[in-house]
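A structural walkthrough
This is what each chain is made of:
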Amino acid sequence: MSDMAIAEEACLAQGRAPAVPRSRLAIALIELALAVGSFGIGTGEFAIMGLLPNLAQEFHVTTPQAGYAISAYALGVVVGAPIIAVLAAKLARQTLLLVLMAVFAVGNAVSAVAPSFESFVLLRFLTGLPHGAYFGVAALVAASLVPPNKRTQAVARVMLGLTVATLLGTPVATWFGQALTWRLAFGAVGFMGALTVLLIWLFLPKDKVQEGASPMRELGAFKRKQVWFTLGIGAVGFGGLFSVFSYIASTATEVARMPESAVPLMMALFGSGMIVGNLVGAWFADRNLMATIGGVLACSAVVMTVLWLTADNPHMLSVCVFLVGCSVAIGPALQTRLMDVAADAQTLAAALNHSAFNIANALGAWLGGLAIAAGYGFASTGWVGAALAVAGLGVFGLSLLSDQRSVRSSVSRA
């Protein structure tokens, strides 16, 4: 069976029309447009972390209080993803992507001129609303352009914008924000959002609303155990990465005794690991999806344990930070797994993946902070991360067990 025939069969199995054949250039341009959006979202989400002191100074609040803006954005992602996916069930995907990115662009542009801290926090919440739905729909669009055995790699190419933002977009935006004004950084992110709207309008053909699409059909995702298991793997197992990443600057300077000038290097190593993990992990996932998910979780547990034990060694810490970044490989793999288990509730399940990751962000940073506050030191984020990865493996094991039971039940009924 040809790749095109396989793709058509998979499309029909998911209750949608087969994709119209497109040239490699057309597919590349669509993926580029979607990746520019993910680059803008990634830059907007992470750049604020380096600009908190500047925000605090201008709005006359403490730095911890300025951190409420980060929490507001994450809350917007968690809340917005399922609500938008359900309410927009009857919108064509191109239309939905244009609306989502327009809201993101306007939200960042207005954030750049926020007159007060309260208005800024509210705007960060509103700007976070389209985040999860955008990534979910973008992943579905990318996967629909290629044969099923290349889906995860297509999703990873869209997600590449997010990982490149960690390596390039965030540091550049932070530098300009610190050197000039933090408002410039958000204005630039708003411009990237507007550019994405233009690129999607130019390169992504308008599609038809899926037959039978409705809010109730999307809500059907909540009835499927494997959807919950997959979201649980991301919400728990991915938390380890954020436990380490949230405190990496202090770990480098306080534990490994590295100079402050080395912190950007550590961030670059982490971002490089994310890019490598995103691309290489997707290649493995397209060959054996479940083995890749389990393997990434197991390797993460080992790497974070090694980080905990060797964090006082600058060379070992550098290696471990790179490898922790590589664990982002689980992202595209879980996105593809949700496509497989969500049946006809594709949009909601895909969007919820990013709600799960933001829960992981909050959980990892919170537990890591508890360990540090309890006197275990910054290196303790390593064993906290390892524990979360092992917990994610536990959820993964329950998912496999449930799958096996379903297969045995189907065989016995037959």
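Residues numbered from 1 in each chain as written. Predicted model: local features only at pLDDT ≥ 70, side-chain atom pairs only at ≥ 80, totals over all residues. Heavy atoms only, no water.

1. A look at the domain arrangement of the protein
The extent of an interface is frequently quoted as the accessible surface area lost upon association of the parts. The criterion, for reference: The source of the domain bounds is an automatic or database domain assignment. For this analysis, residues touch if any pair of their heavy atoms sits within 4.5 Å. The term buried area denotes the loss of accessible surface (1.4 Å probe radius) that occurs when two parts are joined, taken as the sum for both partners. Between Lys or Arg on one side and Asp or Glu on the other, a salt bridge is scored when a side-chain nitrogen of the former is within 4 Å of a carboxyl oxygen of the latter. The term polar contact refers here to a pair of N or O atoms within 3.5 Å; inside protein, the definition further demands a hydrogen-donor-capable atom paired with an acceptor-capable atom, and it admits residues adjacent in sequence only when both atoms are side-chain atoms. Secondary structure elements are taken from DSSP: a helix is a run of H or I of four residues or more, a strand is a run of E of two residues or more, and numbering for both begins at the N terminus. Asp, Glu, Lys and Arg are counted as charged, while Ala, Val, Leu, Ile, Met, Phe, Trp, Tyr, Cys and Pro are counted as nonpolar; the rest, among them Gly, fall into the polar class.
Entries for the protein in the domain assignment read domain 1 (23–212) and domain 2 (214–404). Between domain 1 and domain 2, the contact holds 37 residues from the first and 36 residues from the second. Summing both sides of the interface, domain 1 and domain 2 together bury roughly 3100 Å²; the carbon and sulfur share of this comes to 70%. Our count for the domain 1 to domain 2 interface comes out at 1 salt bridge. Across the salt bridge formed by Asp-340 and Arg-151, the nearest N and O atoms sit 2.9 Å from each other. For the pair domain 1 and domain 2, the number of links is 6 residue pairs in polar contact (both at pLDDT 80 or more). For the side of domain 1 that touches domain 2, the elements supplying multiple residues, two or more each, are helix 4 (68–87), helix 6 (117–144) and helix 7 (151–179). Ranked by residues supplied to the side of domain 1 that touches domain 2, first place goes to helix 7 with 11 residues. Per-class residue counts for the side of domain 1 that touches domain 2 are 21 nonpolar, 10 polar and 6 charged.

2. As for empty space enclosed by the protein
For the record, the criterion: Cavities and pockets are found on a 1 Å grid laid over the protein atoms alone: a cavity is a set of points where a 1.4 Å probe fits but cannot escape, a pocket is an open set with protein on both sides within 12 Å along at least five of seven lines, and a lining residue has an atom within 4 Å of such a point. Grid points are joined across faces, edges and corners, and a volume is the space filled by probe spheres set on the points.
Tallying each qualifying case throughout the model produces 3 cavities of 30 Å³ or more. Size it by volume and the largest cavity reaches roughly 270 Å³. If you go around the largest cavity, you meet 21 residues; those closest to its centre are Phe-46, Leu-162, Phe-238, Phe-242 and Phe-357. For the lining of the largest cavity, the secondary structure elements donating two or more residues are helix 2 (24–59), helix 7, helix 11 (239–245), helix 13 (263–285), helix 16 (330–341) and helix 17 (346–376). Considered class by class, the residues forming the lining of the largest cavity number 12 nonpolar, 8 polar and 1 charged. Both domain 1 (23–212) and domain 2 (214–404) contribute no fewer than three residues apiece to the lining of the largest cavity.

3. Some details on the packing of helix 2 against helix 7
Rule in force here: Helix axes use the C-alpha atoms of the stretch in contact, all axes being lines fitted to C-alpha atoms, and the angles between their N-to-C directions lie in the range 0 to 180 degrees. For any pair of crossing helices, the crossing counts as left-handed if the nearer helix is rotated counterclockwise from the farther one by less than a right angle, and right-handed if it is rotated clockwise.
Where helix 2 meets helix 7, the closest approach of the two axes is 6 Å, and the angle between their N-to-C directions is 35°. Once helix 2 is placed against helix 7, the crossing between them reads as right-handed. Each residue belonging to the contact of helix 2 with helix 7 can be placed in one class, and the counts come to 13 nonpolar, 12 polar and 2 charged.

4. Focus: the nonpolar core
We apply this condition: Think of a nonpolar core as a cluster: buried Ala, Val, Leu, Ile, Met, Phe, Trp, Tyr and Cys residues, connected wherever their side-chain atoms sit within 4.5 Å. Think of it in three bands: residues with accessible area under 20% of the maximum for their type are buried, residues over 50% are exposed, and the middle band is partly exposed, with areas taken using a 1.4 Å probe on protein chains only.
Counting residues in hydrophobic clusters, the biggest one holds 40 residues, and the most contacted among them are Leu-34, Ile-41, Leu-97, Tyr-134, Val-141 and Ile-200. Of all elements in the fold, only helix 2, helix 4, helix 5 (93–111), helix 6, helix 7 and helix 8 (182–203) reach the threshold of two or more residues within this core. Sorting elements by how many residues they give to this core places helix 6 first, with 10 residues. The next biggest cluster of nonpolar side chains, apart from the first, holds 39 residues, and it includes Val-244, Ala-256, Met-258 and Ala-386.

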